[in-house]
Amino acid sequence: MSSSSSVRQARQALGQRLREIRKDSGLTARALAALAGWHESKCSATRQRI
């Protein structure tokens, strides 16, 4: 496996874990954005870019 592939997999795993943590805490992406003072698209884009 190439190092770029490993990095991509690690980022995907981190993004998935962040989503799980948010859901386990009972927050929607919209609620998380409101609490963070972000536009809701920023939460989604941030998780997807990780």
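Residues numbered from 1 in each chain as written. Predicted model: local features only at pLDDT ≥ 70, side-chain atom pairs only at ≥ 80, totals over all residues. Heavy atoms only, no water.

## Some words on the overall build of the chain
Then, number 1: A tally of helices and strands in the chain yields 3 helices and 0 strands.
Then, number 2: Secondary structure elements in the chain, listed N-terminal to C-terminal, are α-α-α.
Then, number 3: Counting the 50 residues in the chain, one finds 8% classified as buried. (Helix = DSSP H or I, 4+ residues; strand = E, 2+ residues; numbered from the N terminus. Buried < 20%, exposed > 50% of the residue type's maximum accessible area, 1.4 Å probe, protein only.)

## Here we look at the environment of Ser-41
Then, number 1: Turning to its location among the elements, Ser-41 is positioned in helix α3 (residues 40-49).
Then, number 2: Separated by 11 residues in sequence, Ser-41 and Arg-30 have C-alpha atoms that sit 8.5 Å apart.
Then, number 3: In this structure the side chain of Ser-41 is engaged in a polar contact, spanning 2.9 Å, whose partner is the side chain of His-39. (Polar contact = N/O pair within 3.5 Å; in protein donor to acceptor, adjacent residues only side chain to side chain.)

## Notes on a nonpolar patch on the surface
Then, number 1: A cluster of nonpolar side chains, contributed by Leu-14, Leu-18 and Ile-21, occupies part of the molecular surface with about 240 Å² of accessible area.
Then, number 2: Position of Leu-14 relative to the elements: it lies in helix α1 (residues 3-24).
Then, number 3: Its relative accessible area of 43% is what places Leu-14 among the partly exposed residues. (Patch = residues over 30% accessible without salt bridge, like charges linked within 9 Å, V, L, I, M, F, W, Y side chains within 5 Å. Areas by Shrake-Rupley, 256 points an atom, 1.4 Å probe, with all protein chains shown as cover. Salt bridge = Lys/Arg side-chain N within 4 Å of Asp/Glu carboxyl O.)

## Examining the side chain of Arg-22
Then, number 1: Structurally, Arg-22 can be placed in helix α1.
Then, number 2: For the buried Arg-22, which has no salt bridge, the nearest side chain bearing the opposite charge is Asp-24, at an N-O separation of 9.7 Å.
Then, number 3: Those residues within four positions of Arg-22 in sequence are excluded, and the remaining contacts are Leu-27, Thr-28, Ala-29 and Leu-32. (Lys, Arg positive; Asp, Glu negative; His and termini not counted. Contact = heavy atoms within 4.5 Å.)

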